[in-house]
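# Fold and contact review
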Amino acid sequence: METNPLLDAYSSHDKEERTMERITDIELSSIQTEDPQARSFSNNANSILIQEDDIETPYGNLHVAIQGDRSKMAIITVHDIGLNHVTNFQGFFSYQDMQPILRHFCVYHVNAPGQEEGSLHLRPEYVYPSMDDLAHAVQNVVENYEIARFIGFGMGTGSNILSRYALRHPEIVDSLVLINPTSGKSGWIEWGYQKMNSWYLWSGQMTNFTEEYLLWHWFGSKTRWENTDLVQVFREYIKTINPQNLSLITESYLKRTDLGIVRELDPMKRSGTNTIKCRTMLLVGDDSPHIDDVIYMNSRMDPQETDFFKISDCGGMPLEEQPGKVCEAFRLFLQGMGYVPTLNRLPSQKHVTNNNPQKLISATDFTNVTPVC
């Protein structure tokens, strides 16, 4: 039987069209998409603040925002330079997986003088407190709210302040979570860059040079180029910073003294050694610009009381870049301290197994680095 070439061609074309229709349905090209909501620092439904206070101290007023039930165990946060409690911690403490943890705690967010949102210019005669003075000022917050013991949670400058407080008040600090901490003085490169930034800021200028330095300080080079949406949010935020107030805390951080902590492995000498005696978690991103400072601090800490976490695929701001991994590490840390023992693995963190809650564990997504002796 002879075949008709035209009919065969038509039949083949018809089959091809039906195949393309099926492929189109599989690819879901008919589904309508919606643009994601832009990231912002506006109030989040999970960020429940029960009160905000200005605490008077001999070193200036500290703006404190309280999140949670004040009858619960306290967590005190202190922010990094250029940030405040909203821009540094709101995203993380409003993160979905943090909510089961926060039901057991009350968070006191401490803002350094003149660094809170919408802050006015500090008085011209005002002498900005040193890092040691700010550590003393935290004690005024503790006394004002009658906090018996607390967990310190700091980043960058805040880590340095809380470390100083822990050295002076070991009986009050239950444990510390330090992100991008430093234990030494500022180096020559940091001193040069920050001096120039401070000069521009004091004159009321937020220059491109200062803006780029702040973004590098917060995120590092890799994140700035790869996570442009997140960086753009903070780039817009920089325009709202009070430059003169920022110059004051920058100068104070630049003049910080060495913590003077020493690692002593001899058990007979350890009791008289100047070291942080509470349980401490040091946390840094593997692409953080501060990783060398954190490693150096880890080498000076007591290895029996210190856990060093390096977060993979992360720059200088793990709370924003990898909140899930930080949240899971924080949960395991708390369970090692005896808190929230019944809190199971967090829903979105299936990659971590907690076989021994008394010891922080390593996982494929973040690495528990053993301190170097």
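That block above? That's the structure.
Only a predicted model underlies this, so the values are computations on that prediction, with no experimental measurement involved. (Residues numbered from 1 in each chain as written. Predicted model: local features only at pLDDT ≥ 70, side-chain atom pairs only at ≥ 80, totals over all residues. Heavy atoms only, no water.)

### Some points on the overall build of the protein chain
Along the backbone of the protein chain there are 14 helices and nine strands. Scored against the burial criterion, the 373 residues of the protein chain give a buried share of 53%. Considering only residue pairs separated by 6 or more positions, the protein chain has 73% of its internal contacts joining residues 24 or more positions apart. Approximately 18,500 Å² of the protein chain is accessible, and the part contributed by carbon and sulfur atoms is 51%. (Helix = DSSP H or I, 4+ residues; strand = E, 2+ residues; numbered from the N terminus. Buried < 20%, exposed > 50% of the residue type's maximum accessible area, 1.4 Å probe, protein only. Contact = heavy atoms within 4.5 Å. Areas by Shrake-Rupley, 256 points an atom, 1.4 Å probe, with all protein chains shown as cover.)

### Here's the deal with a negative patch on the surface
Together, Glu-52, Asp-54, Glu-56 and Glu-117 make up a negatively charged patch on the protein surface. With respect to the helices and strands, the residue Glu-52 is situated in strand 1 (residues 49-57). By relative accessible area, which is 43% here, Glu-52 ends up partly exposed. (Patch = residues over 30% accessible without salt bridge, like charges linked within 9 Å, V, L, I, M, F, W, Y side chains within 5 Å. Salt bridge = Lys/Arg side-chain N within 4 Å of Asp/Glu carboxyl O. Lys, Arg positive; Asp, Glu negative; His and termini not counted. Charge placed at Lys NZ, Arg CZ, Asp CG, Glu CD.)

### Some remarks on helix 5 (residues 157-168)
With twelve residues, helix 5 extends 17 Å from end C-alpha to end C-alpha; this agrees with the ideal 16 Å at 1.5 Å per step. Extensive coverage of helix 5 is indicated by the burial of eleven of its twelve residues. All of the buried residues along helix 5 are Thr-157, Gly-158, Ser-159, Asn-160, Ile-161, Leu-162, Ser-163, Arg-164, Tyr-165, Ala-166 and Leu-167. Along its buried surface, helix 5 packs onto strand 3 (73-78), helix 4 (131-144), strand 5 (150-155), strand 6 (173-179), helix 10 (243-254) and helix 12 (291-300). (Expected span 1.5 Å × (residues − 1).)

### A closer look at the packing of helix 6 (residues 188-202) against helix 10
Direction vectors running N to C along helix 6 and helix 10 enclose 155°, while the axes themselves pass 8 Å from each other. Regarding the angle of helix 6 to helix 10, the classification is roughly antiparallel. As for how helix 6 packs across helix 10, the hand of that crossing is left-handed. Contact with helix 6, carried on its side by Glu-190, Trp-191, Gln-194, Lys-195, Ser-198, Leu-201 and Trp-202, involves Pro-243, Gln-244, Leu-246, Ser-247, Leu-248, Thr-250, Glu-251, Tyr-253 and Leu-254 of helix 10 and no other residues of that element. A class-by-class count of the residues in the contact of helix 6 with helix 10 yields eight nonpolar, five polar and three charged. (Axes fitted to C-alpha atoms, helices over the stretch in contact; angles between N-to-C directions. Parallel < 35°, antiparallel > 145°, perpendicular 65-115°, else oblique. Left-handed = near helix turned anticlockwise from the far one by under 90°. Nonpolar A, V, L, I, M, F, W, Y, C, P; charged D, E, K, R; others polar.)

### Comments concerning the packing of aromatic side chains
In total, this model carries 19 aromatic pairs according to the counting rule given. For the pair Phe-234 and Tyr-237, a centre-to-centre distance of 6.5 Å together with 85° between the ring planes defines the contact as edge-to-face. Placement of both Phe-234 and Tyr-237 in helix 9 (residues 228-238) is noted, with a separation of three residues, approximately one turn of the helix. A relative accessible area of 0% places Phe-234 in the buried class. Within the aromatic cluster, the residues linked to one another by ring pairs are Phe-89, Phe-92, Phe-93, Phe-153 and Phe-330. (Phe/Tyr/Trp six-rings, centres within 6.5 Å; stacked < 30°, edge-to-face > 60°.)

### Notes on the environment of Asp-258
Here Asp-258 shows up in the loop between helix 10 and helix 11 (267-270). Note on Asp-258: relative accessible area 30%, which makes it partly exposed. Placed 73 residues apart in sequence, Asp-258 and Lys-185 show a C-alpha to C-alpha distance of 5.1 Å. If we skip the residues at most four places from it in the chain, Asp-258 touches Ser-183, Gly-184, Lys-185 and Arg-300.

### Topic: the pattern of salt bridges
Overall, the coordinates contain 16 salt bridges when judged by the stated rule. Among the salt bridges present, the one from Glu-211 reaches Arg-235, with a minimum N-O distance of 2.8 Å. Taken together, the residues span a long stretch of sequence, with Glu-211 in helix 7 (residues 208-219) and Arg-235 in helix 9 at a distance of 24 residues. When its relative accessible area of 10% is taken as the criterion, Glu-211 is described as buried. Between Glu-251 and Lys-255 there is a salt bridge, with the nearest N and O atoms lying 3.9 Å from each other. We classify Glu-251 as buried; its relative accessible area is 16%.

### Concerning helix 6
An ideal rise of 1.5 Å per residue puts 21 Å on 15 residues; helix 6 measures up with 21 Å between its terminal C-alpha atoms. Taken as a whole, helix 6 has its buried residues at Glu-190, Gln-194, Asn-197, Ser-198 and Leu-201. Each buried residue of helix 6 sits inside an arc of 105° when the element is viewed along its axis, so together they form one side. Within helix 6, the exposed residues directed more than 90 degrees away from the buried face are Trp-188, Ile-189 and Trp-199. Where helix 6 is buried, its residues touch helix 7 and helix 10. Gly-204 sits one or two residues past helix 6 and shows a positive phi near 90°. (Arc of directions from axis to C-beta.)

### Regarding the nonpolar core
Ranked by internal contacts, the top residues of the largest apolar core, which has 91 residues, are Phe-150, Phe-153 and Trp-218. Element by element, the count of residues in this core is highest for helix 4, at seven residues. (Core = buried A, V, L, I, M, F, W, Y, C linked by side-chain atoms within 4.5 Å.)

### A word on unusual backbone geometry
A positive phi angle, close to 55°, is found at Glu-146, a residue other than glycine. With a relative accessible area of 71%, Glu-146 lands in the exposed category. The phi dihedral of Asp-313 falls on the positive side, at around 55°, and the residue is not glycine. Along the chain, Asp-313 turns up in the loop between strand 8 (306-311) and helix 13 (318-321). Residue classification places Asp-313 among the exposed residues on the basis of a relative accessible area of 55%.

Distances and angles like these do not, on their own, reveal function.
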